[in-house]
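This is what each chain is made of:
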Amino acid sequence: MNIERIYKSKSQFVAREVDKELVLVPLTESVAHMNKLFTMNETGRFIWENISEGITVDELEDIVVQEFEIDRETAHKDIEAFLARLEQML
């Protein structure tokens, strides 16, 4: 996973809260692609909000483990799946 690429691409999405979920809509030339909506649960939202410049997958795993009190393997699988889905949308 290229987390740096995802961080750099965050500005290509509009994020809006809808019924306690965060919805991402990809933008191309300021046009929203509504057929590619990405709805996030609490974990996805937390990951999205913590993707920052220079963060590594290991560091992201550390904060997910702490926040959700889960084991590292589960955090790793969740983050990898989430990042793979985001990369598909880029």
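Residues numbered from 1 in each chain as written. Predicted model: local features only at pLDDT ≥ 70, side-chain atom pairs only at ≥ 80, totals over all residues. Heavy atoms only, no water.

K.L.:
Would you take a moment to explain the environment of Leu-90 for this structure?
P.N.:
Relative to the helices and strands, Leu-90 is located in the segment after α4 (72-89). Taking relative accessible area as the criterion, Leu-90 reaches 32% and is therefore assigned partly exposed. In this structure the C-alpha to C-alpha distance between Leu-90 and Glu-21, which are 69 residues apart in sequence, comes to 21 Å. Once residues lying within four places of it in the same chain are set aside, the contact partners of Leu-90 are Arg-5, Ile-6, Ser-9 and Phe-13. (Helix = DSSP H or I, 4+ residues; strand = E, 2+ residues; numbered from the N terminus. Buried < 20%, exposed > 50% of the residue type's maximum accessible area, 1.4 Å probe, protein only. Contact = heavy atoms within 4.5 Å.)

K.L.:
Explain helix α3 (residues 57-68) here, please?
P.N.:
Structurally, the α-helix is built with 3.6 residues per turn, so residues lying three or four positions apart point the same way. Spanning 12 residues, α3 covers 16 Å between terminal C-alpha atoms, matching the ideal 16 Å at 1.5 Å per step. Among the residues of α3, Val-57, Leu-60, Glu-61 and Val-64 are the ones counted as buried. Summarising the axial view, the buried residues of α3 lie within an arc of 100°, below the 170-degree limit, and thus occupy one face. Packing partners of the buried residues in α3 comprise α1 (3-9), α2 (42-50) and α4. A positive backbone phi angle near 50° is found at Glu-69, which sits one or two residues after α3. (Expected span 1.5 Å × (residues − 1). Arc of directions from axis to C-beta.)

K.L.:
For this particular structure, what's the right way to read the side chain of Lys-10?
P.N.:
Within the secondary structure, Lys-10 is located in the loop between α1 and β1 (13-18). One buried charged residue, Lys-10, forms no salt bridge at all, with the nearest opposite charge on Glu-49 at 8.1 Å. Reaching out from Lys-10, the side chain makes a polar contact with the backbone oxygen of Trp-48 at a distance of 2.7 Å. The residues contacting Lys-10, other than those within four sequence positions of it, are Trp-48, Glu-49 and Ile-51. (Lys, Arg positive; Asp, Glu negative; His and termini not counted. Salt bridge = Lys/Arg side-chain N within 4 Å of Asp/Glu carboxyl O. Polar contact = N/O pair within 3.5 Å; in protein donor to acceptor, adjacent residues only side chain to side chain.)

K.L.:
Just checking my understanding: could you explain the nonpolar core for this structure?
P.N.:
The nonpolar side chains of a soluble globular protein tend to be buried with one another. Trp-48, Ile-51, Phe-82, Leu-83 and Leu-86 are the most contacted members of the largest nonpolar core, which has 21 residues in total. Of all the secondary-structure elements, those providing two or more residues to this core are α1, β2 (21-28), β4 (38-40), α2, α3 and α4. Broken down by element, this core gets its largest block of residues, six residues, from α4. Filtering out sequence-adjacent residues up to four positions away, Phe-82 remains in contact with Phe-38, Met-40, Gly-44, Ile-47, Trp-48 and Ile-51. (Core = buried A, V, L, I, M, F, W, Y, C linked by side-chain atoms within 4.5 Å.)

K.L.:
Even after reading the chapter, I still don't get the packing of α2 against α3, so can you show me in this structure?
P.N.:
Angle between the axes and distance between the axes are the two parameters that describe a pair of packed helices. One can describe the packing of α2 onto α3 by two numbers: an axis separation of 11 Å at closest approach and a directional angle of 140°. Of the possible angle classes, the one that applies to α2 and α3 is oblique. The handedness of the crossing between α2 and α3 comes out as right-handed. Contacts between α2 and α3 involve Glu-42, Thr-43, Phe-46, Ile-47 and Asn-50 from the former and Leu-60, Ile-63, Val-64, Glu-67 and Phe-68 from the latter. (Axes fitted to C-alpha atoms, helices over the stretch in contact; angles between N-to-C directions. Parallel < 35°, antiparallel > 145°, perpendicular 65-115°, else oblique. Left-handed = near helix turned anticlockwise from the far one by under 90°.)

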